[in-house]
Amino acid sequence: MQLVNIAPNPQLAIIFKNWAEDWAKDVQEEKKDTATKFHTVYNIAADMFNKGGDVDMQILTLLFEDCKQKLENAHAMIAKVKAALNEDDPRAQAIISKITATANDASHVVRYLGQLLKPAS
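These figures come from a predicted structure and were not determined experimentally.

Calculation rules
- Residues numbered from 1 in each chain as written.
- Predicted model: local features only at pLDDT ≥ 70, side-chain atom pairs only at ≥ 80, totals over all residues.
- Heavy atoms only, no water.
- Helix = DSSP H or I, 4+ residues; strand = E, 2+ residues; numbered from the N terminus.
- Buried < 20%, exposed > 50% of the residue type's maximum accessible area, 1.4 Å probe, protein only.
- Polar contact = N/O pair within 3.5 Å; in protein donor to acceptor, adjacent residues only side chain to side chain.
- Phe/Tyr/Trp six-rings, centres within 6.5 Å; stacked < 30°, edge-to-face > 60°.
- Lys NZ or Arg CZ within 6 Å of the ring centre and 35° of its normal.
- Axes fitted to C-alpha atoms, helices over the stretch in contact; angles between N-to-C directions.
- Parallel < 35°, antiparallel > 145°, perpendicular 65-115°, else oblique.
- Left-handed = near helix turned anticlockwise from the far one by under 90°.
- Nonpolar A, V, L, I, M, F, W, Y, C, P; charged D, E, K, R; others polar.
- 1 Å grid on protein atoms, 1.4 Å probe; cavity = no way out; pocket = protein on both sides within 12 Å on 5 of 7 lines; lining within 4 Å.
- Points joined across faces, edges and corners; volume = space filled by probe spheres on them.

Structurally, Asp89 is set in the loop between helix H3 (57–84) and helix H4 (90–117). Residue classification places Asp89 among the buried residues on the basis of a relative accessible area of 16%. Of note is the side chain of Asp89, whose polar atom sits 2.8 Å from the backbone nitrogen of Arg91.

Time to look at the packing of aromatic side chains. Between two aromatic rings, the relevant description is the distance of the centres plus the angle of the planes. Overall, the coordinates contain seven aromatic pairs when judged by the stated rule. Look at Phe16 and Phe49: their rings are 5.7 Å apart centre to centre, the planes differ by 10 degrees, and that puts the pair in the stacked class. With Phe16 in helix H1 (residues 10–24) and Phe49 in helix H2 (residues 34–51), the pair connects residues that are 33 residues apart, well separated along the chain. Taken individually, Phe16 and Phe49 each receive the classification buried, so the pair is uniform in this respect. Members of the aromatic cluster, each reached through a chain of ring pairs, are Phe16, Trp19, Trp23, Phe38, Tyr42, Phe49 and Tyr112. Here the guanidinium or amino end of Lys70 rests over the ring plane of Trp19, the centre of that ring lying 4.7 Å away.

With that settled, the discussion passes to the packing of H3 against H4. Here H3 crosses H4 at 150 degrees, and the two axes come no closer than 8 Å. Relative to H4, H3 is oriented roughly antiparallel. For the crossing formed where H3 meets H4, the hand is left-handed. Within the contact of H3 with H4, the residues separate by chemical class into 21 nonpolar, five polar and three charged.

The next thing to look at is the layout of surface pockets. Taken as a whole, the largest pocket spans an internal volume of roughly 460 Å³. In terms of lining, the largest pocket is formed by 16 residues, of which the most central are Asp22, Trp23, Lys70, Met77 and Thr102. Elements with a contribution of two residues or more to the lining of the largest pocket: H1, H2, H3 and H4. Here the lining of the largest pocket takes six residues from H3, the largest share from any one element. Along the lines of polarity and charge, the residues of the lining of the largest pocket split into eight nonpolar, three polar and five charged. Estimates place the volume of the second largest pocket at around 180 Å³. In terms of lining residues, the second largest pocket is bounded by Phe38, Val41, Tyr42, Ile44, Ala45, Ile59, Leu62, Leu63 and Asp66.

Note that all results are geometric; they support no functional claim without further evidence.
Below you can see the structure in the form of structure tokens.
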């Protein structure tokens, strides 16, 4: 287990806390479904970035990969929303706005974690 010491980063903590809260809406008690897993992981990540300290490199790598996936999926999701709903539809605009905000947050996390995960030269 390789550890990396991270400084507290309230901005990342808030991003992960918001994602945890989004998943909390879909959590069903006593079930170990996707919503429960993401809710738990994002709560742990929020706490981790809130406190800072030694963190297993594998956890940072998994968070990095998850956020990269969010970025990759964002463009496809926006295209699907535009195809399914009229672009001027307020619902479409609300969904696109939420996807864009999540993608922006994910991009910030990817940049930050990418720097942490870079091999020391």
